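# Working through the structure, step by step
One letter stands for each residue in the lines below.
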Amino acid sequence: MLCRSCWRAPSTVFTPLMRNYAMSAIPDDDHHQRMDLHPWPKGAQPTPMEIFAITTTDLNLPQLDLNKQIKAMYAKYVKLYHPDVSKNLVLKDHRGRELSPEDKRVRFDQIQEAYDILKNPRRRVAYHRSQTTKWDKDIRFGNGYSGTGAHFTYDQRNTFHAFRTANAHRAHYAFHRDEAFWTAGTWDDYYRMKHGREPPTMEEINRNKYKILAGVVIVAVAVFVLEFSIAWDRTNESIRQRNLQSLKANRDLQQSYDNYGYGDTQLQRLERFLVSRRSSLVNGDKPVNEDELRTNDHDILTKYAQTQVKKWDNELESSHIRGEDPVDTAPTN
């Protein structure tokens, strides 16, 4: 049995659940109207200004009033797109397509990122500056007039602002890559934000200019030595490759002489036959020992030479018996 302090009325228990189910059937625009929010921007990558509907007029408001406006709108967005709340809602985009849980999460992350930029007055001004500063390629820095005849919209004495205006189109200086470039007001401020230390003074630069010059010379010499060593290695490699090609050509030529060389004596024909047979056996399907083949070929040539010498000795002896000239009867093969 429940005590009175633990008992709750059914309407009190089921009211949040009933509210979630009732809100889940409301279209996206009606959800925004219910929370007093403008419709979600139609672009795939809306800017923070578009998400929070911040106009140029709103930027001219006092900082406290604008901060309150942004904070109040962020609270409304959280009540609508927080994952614990949006999972029970049916939200649709401007085409009428129902948002998936991943799409809802992407919108919530975009809201968080936009709020992180807009809640800080300095980041808000820097982001607005990065979005509104345009590069005019017709600007003439010498006469103080643009190509259309109008005066500059920035102070020529502020070289940092002039550089920022001239380089606003470069992707390297995008807000998400180099926020300090758009936040700083002078080159000194930019140096402090970028490197986290005070910029060097002219006295320090003059005092260290010889060190800087020595460093530049050392780097140049190191680069030259490195390039020279690379060129030297490439030259040696080229010479080595050319020598290898020459040796290969000589080897192929010698092999051609062995197989199809000059001379048609019996010894040369036998040598060509042995070389051809050895090459066929080595390149055949059955595995053979090339060293053993060379040894066998050498034995065959040795036996052939011994046979020829013995034959020549016999002919020489016969010529002595017959009284003939031994030079004329000597074999030529």
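Everything quoted here is computed from the prediction, not taken from an experiment. (Residues numbered from 1 in each chain as written. Predicted model: local features only at pLDDT ≥ 70, side-chain atom pairs only at ≥ 80, totals over all residues. Heavy atoms only, no water.)

### Some points on the packing of helix α7 (residues 101–118) against helix α8 (residues 121–132)
Two elements in contact, α7 and α8, have axes whose closest approach is 6 Å; the angle formed by their N-to-C orientations is 105 degrees. In terms of their interaxial angle, α7 and α8 are classed as roughly perpendicular. Contacts between α7 and α8 involve D116, I117 and L118 from the former and R123, R124 and Y127 from the latter. (Axes fitted to C-alpha atoms, helices over the stretch in contact; angles between N-to-C directions. Helix = DSSP H or I, 4+ residues; strand = E, 2+ residues; numbered from the N terminus. Parallel < 35°, antiparallel > 145°, perpendicular 65-115°, else oblique. Contact = heavy atoms within 4.5 Å.)

### What about the side chain of T133?
Within the fold, T133 resides in the loop between α8 and α9 (159–166). T133 gets classed as buried once you look at its relative accessible area, which sits at 15%. At 2.6 Å, the side chain of T133 forms a polar contact with the backbone oxygen of R129. (Buried < 20%, exposed > 50% of the residue type's maximum accessible area, 1.4 Å probe, protein only. Polar contact = N/O pair within 3.5 Å; in protein donor to acceptor, adjacent residues only side chain to side chain.)

### Section: the UniProt feature "transmembrane region" (unreviewed entry) in the protein chain
Per the UniProt record, "transmembrane region" (unreviewed entry) is annotated on residues 212–232. Its end C-alpha atoms 30 Å apart, residues 212–232 is made of 100% helix and 0% strand. (UniProt positions renumbered as here; feature names shortened; annotations may be inferred.)

### Some details on the nonpolar core
Counting 34 residues, the largest nonpolar core has F52, Y77, Y81 and I111 as its most contacted members. Elements that contribute at least two residues to this core include exactly α3 (48–51), α5 (63–81), α7, α8 and α10 (179–183). Beyond its immediate sequence surroundings of up to four residues, I111 is in contact with W40, I51, F52, Y74, Y77 and Y81. (Core = buried A, V, L, I, M, F, W, Y, C linked by side-chain atoms within 4.5 Å.)

### Description of the pattern of salt bridges
Opposite charge on two side chains permits pairing when their charged atoms draw close. Scanning all chains against the criterion turns up 13 salt bridges. We note a salt bridge from K76 to D36, for which the minimum N-O separation is 3.5 Å. In this pair, K76 sits in helix α5 while D36 sits in the loop between α2 (28–34) and α3, placing the two residues 40 residues apart along the sequence. Overall, K76 belongs to the partly exposed group, its relative accessible area being 26%. With a closest N to O distance of 3.7 Å, K119 and D116 form a salt bridge. (Salt bridge = Lys/Arg side-chain N within 4 Å of Asp/Glu carboxyl O.)

### Looking at a nonpolar patch on the surface
Taken together, the side chains of L213, V217, V221, F224, V225, F228 and W232 present a nonpolar region at the surface, about 740 Å² in accessible area. Structurally, L213 is set in helix α13 (residues 209–260). Overall, the relative accessible area of 52% leaves L213 in the exposed class. (Patch = residues over 30% accessible without salt bridge, like charges linked within 9 Å, V, L, I, M, F, W, Y side chains within 5 Å. Areas by Shrake-Rupley, 256 points an atom, 1.4 Å probe, with all protein chains shown as cover.)

### Describing the packing of aromatic side chains
Evaluated as defined, the whole model comprises 19 aromatic pairs. On the numbers, 5.9 Å between centres and 85 degrees between planes, the contact of W40 with Y77 is edge-to-face. Of the two residues, W40 is situated in the loop between α2 and α3 and Y77 in helix α5; the sequence distance between them amounts to 37 residues. Comparing W40 with Y77, the two get one shared label, buried. Between F160 and W187, the ring centres sit 4.7 Å apart and the planes meet at 80 degrees, which makes this aromatic pair edge-to-face. Taken together, the residues span a long stretch of sequence, with F160 in helix α9 and W187 in helix α11 (residues 187–195) at a distance of 27 residues. The exposure class of F160 is buried, given its relative accessible area of 1%. (Phe/Tyr/Trp six-rings, centres within 6.5 Å; stacked < 30°, edge-to-face > 60°.)

### Brief notes about unusual backbone geometry
Most peptide bonds take the trans configuration, and most residues that are not glycine carry a negative phi. Although it is not a glycine, D36 sits at a positive phi angle of roughly 60 degrees. On the basis of relative accessibility, which here comes to 60%, the residue D36 falls in the exposed class. Although it is not a glycine, A53 sits at a positive phi angle of roughly 55 degrees. For A53, the position within the fold is in the loop between α3 and α4 (56–59). According to the relative accessible area criterion, A53 is partly exposed, its value standing at 31%.

### Some thoughts on the environment of P121
As for its placement among the helices and strands, P121 is situated in helix α8. The class for P121 is partly exposed, based on a relative accessible area of 29%. Those residues in contact with P121, other than ones at most four positions away along the chain, are Q63 and N67.

### Considerations on the environment of L59
One can find L59 in helix α4. Once the C-alpha coordinates of L59 and P121 are considered, the two residues, 62 residues apart in sequence, prove to be 9.9 Å apart. Apart from the residues lying within four places of it in its own chain, the contact partners of L59 are M49, I54, L66, R124 and H128.

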